[in-house]
Amino acid sequence: MQFKHPEILYFLFLLIVPILVHLFQLRRFKKEYFTNVRFLKELSIQTRKSSKLKKWLLLATRLLILAAIIIAFAQPFFQAKESNQVANEMYIVLDNSFSMQAKGQKGELLKRAVEDLLEQVPENQTFSLLTNSETFWNTDIKSVQKELQNLKYSAGPFRLDNLMAKIKSRRSVFNKDIVVITDAVGLDEKQVKSVDKAFNTYFIVPKAEQKNNMAVDSVFINQTLDSFYEIGVKLSAYGEENKETPIAIYNNNKLIAKTLIKMDGATKTMNFSIPKADFNGYVSIEDNGIAYDNILYFNISTPKKISVLSIGDADKSAFLGRIFSEKEFAYANYPIASLDYNLLEKQDAIVLNELKDIPQALQTTLKSFVDKGGNLVVVPSSESGVANLNGFLGNFGTIKFNALQPNKKLITEISFGHPLYSGVFEKKIDNFQFPETKASFAISTTSPGILNYQDKSVFLTGLQNQLSSVYVFAAPINKDNSNFQNSPLIVPTFYNMAQSIRKSGAVALTIGENQPFLVDAQLSKDEIVELKGDSKSGEKFIPIQQVLNNKVKLTFNDYPQLAGNYGVYRQDELLQHLSFNYDRTEGNLAAANEDLLSDDKVISDVETVFDTIQTDRTDNEIWKWFAVLTLLFLAVEIFIQKFVK
């Protein structure tokens, strides 16, 4: 027991006053003798004994009264076990990712968490509130009431480590109390370890009752016909429910196709035929799970001719003219001696076909070409200098040519999962006629092989950047050195290496991936482009942009905040449609990893957290009990005075 005012205890010396008063009141009795007083003597002895007992009782109660009053004014208390953390700073971390859209016993998890905060956080409590998308420093519950009630779901997933880094950046001499409200979907060990052990961290983990969910994962063009696109829609299912689910496709908000789908596995692809024209719409499903992943926005632009230029001997490049047909490509071939360098920046893809030497001026121009989004294909010559090739390719990544090896090799391995062959093969095949090369360079690279030899060495690899790709062959593919030109692989390989997502394919970007995008436009010095959403989102913003000759490189960072179809505008002129979607990582509600959290840190609700903190940090003051004792002893004294003879 401790005292807030221990100096008052010196007044306990006053206890000597009642004792002195009691001693002065003691009298010595004088004996008087009377005749025939036998019964009177007996009565006198009894009266003297009872009077003495009453005085001792009164002395004891008066001492207790005085002592209790003095101790009450000294304010005794028992110190709280966490009294040294009374000045701790409070942080509330609220997960507002789309998995919190799931329904628990009392409704949507996020909405219920917001209600608990508004009801249970003390009005005088100062705290900082961090969500996936917003941060409020040193505020109180009344100040953020409106913001909490209007809190939207964030496009990005919940990252506890990122939010903890923000908290740690707020340096202070005080320790921190952290309340984390999350359903633990996507939580991993790395995120849990980001929590500083010195912090007092409490986890509240609301649980979803319904964990079945379906999601539209992606859309792609399976096949391009004369009048139609055959598109594939990939769907994912989580949980055990396999009811028939409606799926529909809309173009400019008009229904163009609808059917029912029944999942018979974790994933399924549905094929639809849509008119071969500009498409700006979405595919949607209706299920009982979370709603955010039920719609996927995408657009398809009318195909534009892709400009491809090959540099090399005309005879050796003749096969490229047959692949890059006039209907889809604007193709031209130039020998190195007659090449016009001004043409290079206008191309979508360039093929260096068996050049003996790559001049330095061409190397510099091609590096700029790749940096600005052009695809480059390098086919070496048997007479190419290794030093010249390595110096050039070193501009794009880690790759090294070694000496030419005059050994016949079979090309037997295909990387079916590589984007270059996406949609080319219906299934993995191993019974095709293997092409071969008579001589090839040994290649050392950290990039995976797209086509490999039988001995696992690389025949074709790709160096990727954010805007473009550089594809490198390990051997000449002229008919004297290889029969690759006669292989069924030759057409899809070169066709897809020249393709640009800007001019063909279904465009469906993911919010938060920060993948740059190129738009064909020539802007003057002071011109900018702006993105405007359709009537559903209504959002508009100006992305980070960089002018690259006849293109504009757009970088979106965390924008837009709402999924939907958007238009790229130069003032009022529509340049291109773009579609943005939320990341699909929150769809698996069964992936809640609450087992990673320590049991002693998991609290049932917000009220319990604040009650626990209040109990553990509030001193147990007991001076009131001494005041009660004072009144009790006072009553005892009155009782003694009145009833004890």
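Presented here is a report on the structure given in the accompanying data block. (Residues numbered from 1 in each chain as written. Predicted model: local features only at pLDDT ≥ 70, side-chain atom pairs only at ≥ 80, totals over all residues. Heavy atoms only, no water.)

**Points about the packing of aromatic side chains**
Then, number 1: Counting across every chain of the model gives 23 aromatic pairs.
Then, number 2: Measuring from centroid to centroid gives 5.7 Å for Phe-541 and Tyr-559, while their planes differ by 25°, and the two rings are stacked. Residue Phe-541 is found in strand S32 (residues 540–541), and its partner Tyr-559 is found in the loop between strand S34 (551–555) and strand S35 (564–570); the two are separated by 18 residues along the sequence.
Then, number 3: On the accessibility criterion, Tyr-559 (42% relative accessible area) is partly exposed.
Then, number 4: Site record: aromatic cluster; members linked through ring pairs are Phe-319, Tyr-453, Phe-459, Phe-473, Phe-484 and Phe-494.
Then, number 5: If you follow Arg-170 out to its NZ or CZ, it ends over the ring of Trp-137, 4.1 Å from the centre.
Then, number 6: Seen from the ring of Tyr-569, Lys-532 lies directly overhead, with NZ or CZ sitting 5.0 Å from the centre. (Phe/Tyr/Trp six-rings, centres within 6.5 Å; stacked < 30°, edge-to-face > 60°. Helix = DSSP H or I, 4+ residues; strand = E, 2+ residues; numbered from the N terminus. Buried < 20%, exposed > 50% of the residue type's maximum accessible area, 1.4 Å probe, protein only. Lys NZ or Arg CZ within 6 Å of the ring centre and 35° of its normal.)

**A short note on unusual backbone geometry**
Then, number 1: Between Tyr-559 and Pro-560 the backbone carries a cis peptide bond, its omega angle lying at -5°.
Then, number 2: Along the chain, Pro-560 falls in the loop between S34 and S35.
Then, number 3: For Asn-253, which is not glycine, the phi torsion reads 65° and is therefore positive.
Then, number 4: Classification of Asn-253 by relative accessible area gives partly exposed; the value is 45%.
Then, number 5: Positive phi values are uncommon outside glycine, yet Lys-456 reaches one of about 75°.
Then, number 6: Assignment of secondary structure puts Lys-456 in the loop between strand S25 (449–453) and strand S26 (458–464).

**Quick look at the sheet that holds strand S6 (residues 127–131)**
Either a parallel or an antiparallel arrangement is found when strands of a sheet pair, and the pairing is made through backbone hydrogen bonds.
Then, number 1: Strand order in this open sheet of five strands is S7-S6-S3-S8-S9, and the pairing throughout is mixed. Across the chains shown, the open sheet's two edge strands, defined by having one partner strand only, are strand S7 (135–139) and strand S9 (200–204). Taken over all neighbouring pairs, the strand axes of this sheet differ in orientation by 15° on average, direction set aside.
Then, number 2: Here helix H3 (residues 109–120) sits on the sheet in contact with strand S3 (89–94) and strand S8 (176–181), set at roughly 160° to S3.
Then, number 3: Packed onto the sheet, helix H5 (residues 160–168) meets S3, S6, S7, S8 and S9 and runs at close to 155° relative to S8. (Pairing = 2+ DSSP bridges. Axes fitted to C-alpha atoms, helices over the stretch in contact; angles between N-to-C directions. Contact = heavy atoms within 4.5 Å.)

**Description of the sheet that holds strand S14 (residues 267–275)**
Then, number 1: Strand order in this open sheet of three strands is S10-S11-S14, and the pairing throughout is antiparallel. In the strand order of this sheet, the two ends are held by strand S10 (213–224) and S14, each with one partner. If you compare each strand with its neighbour and ignore which way they point, the axes differ by 25° on average.
Then, number 2: Sheet topology note: the S10/strand S11 (residues 228–238) ladder contains ten bridges and is antiparallel. By the bridge assignment, Gln-223 is partnered in S11 with Glu-230.

Nothing here speaks to function; it is all geometry.
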